[in-house]
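Spelled out, the chains give:
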Number of protein chains: 2
Amino acid sequence: MKAVVLLSGGLDSYTAGAIARRDGYELYALTIRYGQVHAVEVDAARRVARALGVAAHVELDLDLKAFGGSALVGEGEIPKGRDLDDEGEIPSTYVPARNTIFLSIALGWAEVVGASAIVIGVNALDYSGYPDCRPEFLRGFERLASLGTRSGIAGARLEVLAPLLHMSKAQIIREGVVLNLDYAFTHSCYDPGPNGAPCGDCDSCRLRARGFSEAGVADPLCR
Amino acid sequence: MKAVVLLSGGLDSYTAGAIARRDGYELYALTIRYGQVHAVEVDAARRVARALGVAAHVELDLDLKAFGGSALVGEGEIPKGRDLDDEGEIPSTYVPARNTIFLSIALGWAEVVGASAIVIGVNALDYSGYPDCRPEFLRGFERLASLGTRSGIAGARLEVLAPLLHMSKAQIIREGVVLNLDYAFTHSCYDPGPNGAPCGDCDSCRLRARGFSEAGVADPLCR
């Protein structure tokens with residue numbers, strides 16, 4: 001059983017990949033450098049891919065900066081000190097159609113290697129804010145995959161696995177502890193300093209800090 | 001009314017874009033350089049974008065060679081002298097999930113500029129062979145777009161326009177003549193010579209030649 005795992009270098013995709021590996025999948029790691037300001041994630045993705053013992057790791061560049069439209073690709077400021085429980089609006093870090101694009105590219109590789117699954121680390125925190133992290137979107141993508149690929153029309157089923165979908169950050173971290181993951185390999189900040197140090201105040205840093213705190217685990221990046 | 005048009009530099013996407021322009025759309029041209037062997041298409045895309053008077057033209061690199069799996073990205077030989085009416089199998093020029101990937105990237109830009117449509121030049125000849133050129137796939141993508149974008153969940157509808165879907169190559173060329181298009185700007189060969197000259201024998205060259213012949217029009221590239 002093979003699975004393409006979308007690996008960002010953050011702790012979610014690391015944990016999602018580790019769960020798929022535990023469940024018997026051979027992993028093909030795909031990292032998409034989409035012009036994000038936080039390119040330091042890419043180094044983290046390489047460390048994580050090595051730690052997961054993937055069969056192959058492909059890094060692709062896709063410069064979504066050409067479109068603009070998101071703080072994550074350099075348009076406007078990264079929001080800081082936001083209320084993490086604000087479900088009122090989609091944050092400016094939303095990248096238009098990002099998961100549709102990422103899953104589509106993963107689908108191309110999945111078809112080439114004969115993978116029956118794509119693993120994505122979206123979770124409850126994401127899908128409260130981002131439309132393309134919701135379960136109905138992921139099911140819709142599976143339906144599209146069955147229509148748009150040679151293997152799909154031949155009857156092969158492609159599953160989108162989102163094992164973290166209903167987990168909080170603290171639950172994800174506890175699961176990672178059980179799986180013996182080293183989160184020192186990961187990187188989460190939307191707006192790292194020149195030396196790669198996390199800012200500590202963007203949504204991603206704050207969610208990470210709260211997750212480790214609630215899990216009762218020390219973040220190895222903060223030692 | 002704005003539309004993102006996927007512009008390859010071939011005559012199909014040029015004609016599809018011209019039809020959308022005639023129908024009142026302001027065009028945003030998107031060319032994706034996916035590692036195709038026939039990079040000369042990209043120069044053609046620039047000429048065509050200029051001829052269409054597009055509001056903007058974005059060229060993106062996405063190296064699908066990293067996955068392999070298609071003769072169009074350098075894996076194996078480009079088939080030559082094939083029976084054009086052979087509907088028995090999907091040709092080796094099929095690029096896994098290509099249209100899913102292209103439409104997804106177009107969707108990202110469409111959301112940023114507020115476009116209500118994506119224009120793609122797939123046609124009857126394509127959809128007899130490629131799964132991701134069939135009407136049911138295109139409708140499936142529209143459904144996914146409504147699930148996976150901020151504008152989609154707010155109720156905006158994204159249409160995938162494929163005005164050539166049921167047209168033969170000859171009908172497309174006759175439509176282009178009516179629209180006063182200059183097909184000298186275009187390029188169609190899957191396997192051009194070092195100087196960019198069409199090989200004359202790949203599926204794409206043969207379909208083009210047969211289309212011009214059946215339309216009773218001289219191909220300006222063959223003057």
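See above for the structure.
Residues numbered from 1 in each chain as written. Chains lettered and ligands numbered in written order. Predicted model: local features only at pLDDT ≥ 70, side-chain atom pairs only at ≥ 80, totals over all residues.

1. Section: the overall build of chain A
Check the secondary structure of chain A and you find 8 helices and 5 strands. In chain A, the succession of α and β elements from N to C terminus is β-α-β-α-β-α-β-α-α-α-β-α-α. When each of the 223 residues of chain A is scored for burial, the buried share is 52%. Counting contacts in chain A only where the partners sit at least 6 residues apart, residues at least 24 apart contribute 71% of the total. (Helix = DSSP H or I, 4+ residues; strand = E, 2+ residues; numbered from the N terminus. Buried ≥ 20, exposed ≤ 12 C-beta atoms within 10 Å, placed from the backbone. Contact = placed C-beta atoms within 7 Å.)

2. Structural notes on the relation of the copies chain A and chain B
The relation between the two copies of this chain is a rotation about an axis and a shift parallel to it. Mapping chain A onto chain B calls for a rotation angle of 180° and an axial translation of 0.0 Å; the resulting RMSD is 0.0 Å. Read as a symmetry element, the transformation amounts to a two-fold axis. The residues that chain A uses at the interface reappear at the interface of chain B in 100% of cases, marking a shared surface. (Least-squares fit on C-alpha atoms with pLDDT ≥ 70 in both.)

3. Observations concerning unusual backbone geometry
Phi is positive for A:Ala97, which is not a glycine, with a value near 60°. Exposure remark for A:Ala97: the 32 C-beta atoms within 10 Å place this residue in the buried category.

4. Things to note about the interface of chain A and chain B
Taken together, the contact pairs 38 residues of chain A with 38 residues of chain B. Of all the elements in the fold, those that place two or more residues in the side of chain A that touches chain B are β3 (56-61), α3 (98-113), α5 (135-148) and α6 (150-153) of chain A. Considering every element that reaches the side of chain A that touches chain B, the biggest residue donor is α3(A), with 10 residues. For the side of chain A that touches chain B, the class distribution of residues is 21 nonpolar, 10 polar and 7 charged. (Nonpolar A, V, L, I, M, F, W, Y, C, P; charged D, E, K, R; others polar.)

5. Describing the environment of A:Ile101
Among the secondary structure elements, A:Ile101 is positioned in helix α3. Judged by local crowding, A:Ile101 falls into the buried class, with 26 C-beta atoms found within 10 Å. Along the chain, A:Ile101 and A:Leu62 lie 39 residues apart, while their C-alpha atoms are 9.9 Å from each other. Not counting residues within four places of it along the chain, the set of residues in contact with A:Ile101 comprises B:Ser104, B:Ile105 and B:Gly108.

6. Considerations on the sheet that holds strand β1 (residues 2-6) of chain A
Residues and elements named next belong to chain A. Taken in spatial order, the 5 strands line up as β3-β2-β1-β4-β5 in an open sheet, and their pairing is parallel. Every other strand in the sheet has two partners, leaving β3 and β5 (159-161) as the edge strands with one partner each. Within this sheet the neighbouring strands show an average axis-to-axis angle of 25°, counted without direction. Across 3 bridges, the pairing between β1 and strand β4 (residues 117-119) is parallel. Across the sheet, the residue bridging to valine 4 is isoleucine 118, located in β4. (Pairing = 2+ DSSP bridges. Axes fitted to C-alpha atoms, helices over the stretch in contact; angles between N-to-C directions.)

7. Focus on the packing of helix α1 (residues 11-22) of chain A against helix α7 (residues 169-178) of chain A
Residue and element names in this part refer to chain A. Put simply, α1 and α7 touch, their axes get as near as 10 Å, and they point 50° apart. When the interaxial angle is binned, α1 and α7 end up oblique. As for how α1 packs across α7, the hand of that crossing is left-handed. Here Leu11, Asp12 and Thr15 of α1 come into contact with α7, specifically with Ile172, Glu175 and Gly176. Considering only residue class, the contact of α1 with α7 consists of 2 nonpolar, 2 polar and 2 charged. (Parallel < 35°, antiparallel > 145°, perpendicular 65-115°, else oblique. Left-handed = near helix turned anticlockwise from the far one by under 90°.)

8. Structural notes on the nonpolar core
If you look at the biggest cluster of nonpolar residues, it comprises 126 residues, and the most contacted ones within it are A:Ala3, A:Val5, A:Ile118, B:Ala3, B:Val5 and B:Ile118. Each residue touching A:Ile118, except ones within four places of it in the same chain, is listed here: A:Ala3, A:Val4, A:Leu103, A:Ala106, A:Leu107, A:Ala110, A:Leu158, A:Val160 and A:Leu161. (Core = buried A, V, L, I, M, F, W, Y, C linked by C-beta atoms within 7 Å.)

9. Some details on helix α8 (residues 203-215) of chain A
Taking 1.5 Å as the rise per residue, α8(A) with 13 residues should run 18 Å; its terminal C-alpha atoms sit 18 Å apart, in good agreement. Looking one or two residues beyond α8(A), the residue adopting positive phi is A:Gly216, at roughly 70°. (Expected span 1.5 Å × (residues − 1).)

10. Here's the deal with the sheet that holds strand β4 (residues 117-119) of chain B
Residue and element names in this part refer to chain B. The strand order across the open sheet built from 5 strands is β3-β2-β1-β4-β5, with neighbouring strands paired in parallel fashion. Two strands bound the open sheet, and with one partner strand each, they are β3 (56-61) and β5 (159-161). Taken pair by pair, the neighbouring strands of this sheet meet at an average axis angle of 25°, ignoring direction. The pairing of strand β2 (residues 26-33) with β3 spans 6 bridges and is classified as parallel. Note on β3: the bridge partner recorded for leucine 30 is valine 58.

11. Let's talk about α3(A)
Residues and elements named next belong to chain A. If you check α3, its first and last C-alpha atoms are 23 Å apart, about what 16 residues at 1.5 Å a residue would give, namely 22 Å. Across the 16 residues that make up α3, a large majority, 15, are buried. Looking at the residues trailing α3, positive phi occurs at glycine 114, about 75°.

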